[in-house]
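Reading the structure
If you want the building blocks of each chain, they are given just below.
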Amino acid sequence: MHKLLQGLNEKQKEAVLKTEGPVMAIAGAGSGKTSVLTKRIAYLIYEKNIPIQNILAITFTNKAAEEMKDRIYEAIGIYSREMWISTFHSMCARILREHIDRLGYDRHFQIIDDDDTKQLVKNLLKKQNIDVKLFSPKTIRDMVLKAKQDNAYLDGIEMPLKDVVATTKEKYVAYLEESNLVDFDDLLLLTTRLLKEHDDIKAYYHDLFQYILVDEFQDTNDIQYDLVKTLTNKDENIFIVGDEDQSIYAFRGANIKNIQRFKKEFSHPHIVLLEQNYRSTNTILNAANAIIKHNQSRIPKNLFSTKGEGEKIIHYKGPTARDEVEYIAMTILKHVQKGYDYNDFAVLYRANSTSRQFEEVFMQKQMPYKLFGNTSFFKRKEIKDFTAYLRYLINPDDAFSFLRIISVPRRGIGAKTVEKIMDYAGEQSLALSDALNQADNYLSTRQANNIEEFVTMVNSLQQKLTDEPIDNIIDALLNDTGYVEMLKKDDKGDVRYENILELKTLLHESSETYKEFNKTEQLSFVLEDIALKSEETKEDVEDGVTLCTLHSAKGLEFRVVFIVALETGMFPLHQSMSDARALEEERRLMYVGVTRAKERLYLTNASVRQTYGQTNQNMDSPFLREIPEDYLDYEGYVQKRTYYQQSDRSHIKAKEQFIAKRKETLKTYTENTLNKGDKVIHDTFGDGVVVSVAGKQCVIAFSHGVGIKKLLKDHPAIKKK
DNA sequence: AGGTCTTTCCTTTTT
DNA sequence: GGAAAGACCT
């Protein structure tokens, strides 16, 4: 027997050895899935002599990709950048950097993140004079993105809303294309389009990717499924791993049915069931099974373990959330004294915001910790400002970045001037940089001078970027833009400054990886990394307690796991309480959490907790009740558990009120039958006369110095007199 | 235009 | 409770 196969059970061996044709492994939690994936890759390389660049392995999160690279390095002693092990999005970015010009984009396209898309949609709504209080930018953004994936989505939307989404979508798509920006979905959509529309490129990748592996297939959405299908060549040497019980990304479009679809649409996949769990004790595994059994929509599985019964699961309930955190800290310290490492512990929570208290207490007790998914770093204002500056240096026609930086710090150019610039660029069909260069033509001398100064500054910064080491650009930005002066006036200036220095370090380190490219390209790649890795993983602690969300805990395992804030409203979130499907997803998340534990599992919560600065009393999470008493022990001050009753509808009330309110506002958004010459009154602009009507738009001349406005005809603020 | 005060949103989860 | 956007004043 080959030594690669040592320690694998029969099913696992089957999954490794069946290299040809489609294979689908249904892998329960802890069934050695990652091990199978890495050994399969090793087997392909060593036994089948497949060149490494001909293997494509796709994961969902950066962490999973990193993990797989590490494991492959362990198994075969090599990892090279030629190997395609990456997330869906990184893979697409890599392909697009090579070929996106075929779709009419520039290869230096920039990736914008979720916050940016929200901001952009908000700007677009405002430009159409749509009240962002009536139509929340976030909701519209979500709908725009869905419509972008599938135009038919629009058909299901009610009328006034449908119009808003449809027009905003058009503008959004056009805007991104003009500014050479792509969003996360575009990475997937454009790659698929590239392959479908260009046979030579498809042939190239079909030839390149002889063997494809996709992890966590239950989390693929429809675009990703389509992409995988398009990437697969006629040999169909594709291996997918999935577990329906661990599908936790439905909120971003993951479709569990894709597993079934794979079974039908690929030619007779070989199916392997991995049901032996190598991770957890039977107590933990049985509890997990008991919980997941409450889900209606699932295919029953039969997970078993040979690890023995193990310790009971402990439910701790404290009087306050603070007590809960203290209890966990003390419990960890107690175990560490008995010989556990800090690395053996994980604190898992539903929402990132929960991490804060743990950080405070751990810091105070000088306990080392690793905070995963600290999304906040790249979302901080100063970091967003700087990445916008960097993007703008690469592409001075990037209007989106321009809007972000033009008055940060203030440089005598206000909203009105910016509007003039944008209008001019629009009317003359000019690129932003050209419009700026012609500022003399349409701006007052003072404004034109300010703009000229800005342009000169940008030019000199661009020069510095080419002449000097890449991380010098951060200092140049700090000084030349006046940012550092601005920070001096800011209460939190010193913290922000520290963060900018951290960005500088990051720029320095990651540009090393791209040494062989020119400066602009280096910067471009680093910005791409930043965009695609929302997480800043603090790896500076060798041995530390892991703090992370249940979502990012998927694929990881720990000797001791704490699942915290197990309260109705916190986990499951109250938004999910009234929706059976959402509740099932929360339950799968609970299942994922429980199955992370190898030896000990602590489930904790508190009677009283502060949320949004308000003190709340929460009920115990229904998931606690789903664990048979035999597996549980109690600790803590509060022994009594309280559960939410069906009759108690207080959680749902808020949501119902919200829906009712929205319906009410939508009702007022009725169609105006405006004609030329009609006298109207507008909530903010006052009296006016309709000058013209074209489609959904109309032009109204207002009195009292407001002037002429182009508005949506049906806007509720407009009433006919 | 720009600074300060007030209000609002937020905490779902990831790329 | 805290950040960021908006309202309001200079």
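Summarised in this report is the structure supplied together with it. (Residues numbered from 1 in each chain as written. Chains lettered and ligands numbered in written order. Predicted model: local features only at pLDDT ≥ 70, side-chain atom pairs only at ≥ 80, totals over all residues. Heavy atoms only, no water.)

1. Remarks on the overall build of chain A
What counts is decided by this rule: Note on conventions: DSSP H or I runs of at least 4 residues are helices, E runs of at least 2 residues are strands, and numbering of each starts at the N terminus. Contact between two residues is taken to exist if any of their heavy atoms lie within 4.5 Å; hydrogens are not considered. We get accessible surface area from the Shrake-Rupley algorithm with a probe of 1.4 Å; when it comes to residues, only the shown protein chains can shield them.
A count of helical and extended segments in chain A gives 30 helices and 23 strands. Within chain A, residue pairs in contact and separated by at least 24 positions form 73% of the contacts whose partners lie at least 6 positions apart. Entry remark: accessible area of chain A is about 33300 Å², with carbon and sulfur atoms responsible for 48%.

2. What about the protein's contact with DNA strand B?
Condition: Residues are classed as near a molecule or strand on a simple rule: at least one heavy atom within 4 Å of it. Counting of polar contacts relies on pairs of N or O atoms within 3.5 Å, with two restrictions inside protein: one atom must be capable of donating a hydrogen and the other of accepting it, and residues adjacent in sequence are counted only when both atoms are side-chain atoms. Under the scheme applied here, ten amino acids are nonpolar (Ala, Val, Leu, Ile, Met, Phe, Trp, Tyr, Cys and Pro), four are charged (Asp, Glu, Lys and Arg), and all others, including Gly, are polar.
Around DNA strand B sit 32 residues in total, of which D114, R252, R350, T417 and Q575 are the nearest. One of the backbone N or O atoms of N352 is found 3.1 Å from a phosphate oxygen in DNA strand B. Take S353: an N or O atom from its side chain is 2.9 Å from a base oxygen of DNA strand B. Breaking the surface near DNA strand B down by element, the ones donating at least two residues are α18 (415-427) and α26 (550-553). The residue makeup of the surface near DNA strand B, split by class, is ten nonpolar, 15 polar and seven charged.

3. Description of the packing of helix α16 (residues 381-394) against helix α25 (residues 519-532)
We count it as follows: Fitting a line to C-alpha atoms yields each axis, with helices limited to the stretch in contact; the angle taken between N-to-C directions then spans 0 to 180 degrees. Note on convention: the crossing is left-handed when the near helix lies turned anticlockwise from the far helix by less than a right angle, right-handed when the turn is clockwise.
At a closest axis distance of 10 Å, the pairing of α16 and α25 adopts a crossing angle of 140°. Two packed elements cross with a definite hand, and for α16 against α25 that hand is left-handed. Where α16 approaches α25, its residues T387, L390, R391 and I394 are matched on the opposing element by T520, L523, S524, L527 and I530. Of the residues assigned to the contact of α16 with α25, the class counts are five nonpolar, three polar and one charged.

4. Remarks on the environment of V228
Let me state the cut-off plainly: Only protein chains enter the accessibility calculation, which uses a 1.4 Å probe. A residue is then buried if its area is under 20% of the maximum for its type, exposed if over 50%, and partly exposed in between.
The residue V228 is located in helix α10 (residues 222-231) in this model. A relative accessible area of 2% means that V228 is categorised as buried. Separated by 170 residues in the primary sequence, V228 and I58 have C-alpha atoms spaced 9.5 Å apart.

5. Some thoughts on the environment of K48
Of note, K48 is situated in the loop between α2 (33-46) and β2 (55-59). Sequence-distant contacts of K48, defined by excluding residues within four places in its chain, comprise T19, E20 and Y43.

6. What to know about unusual backbone geometry
Across the junction of V408 and P409, the peptide omega takes the value -5°, indicating a cis bond. Residue position: P409 is located in the loop between α17 (399-405) and α18. Each neighbour pair has its own omega, and for F571 with P572 the value is 0°, a cis peptide bond. Positionally, P572 belongs in the loop between β15 (558-563) and α27 (574-577). Phi at N180 takes a positive value of approximately 60°, unusual for a residue other than glycine. For N180, a relative accessible area of 10% corresponds to the buried category. Non-glycine residue E216 carries a positive phi angle of around 50°. As for its placement among the helices and strands, E216 is situated in the loop between β6 (211-214) and α10. For E216, a relative accessible area of 10% corresponds to the buried category.

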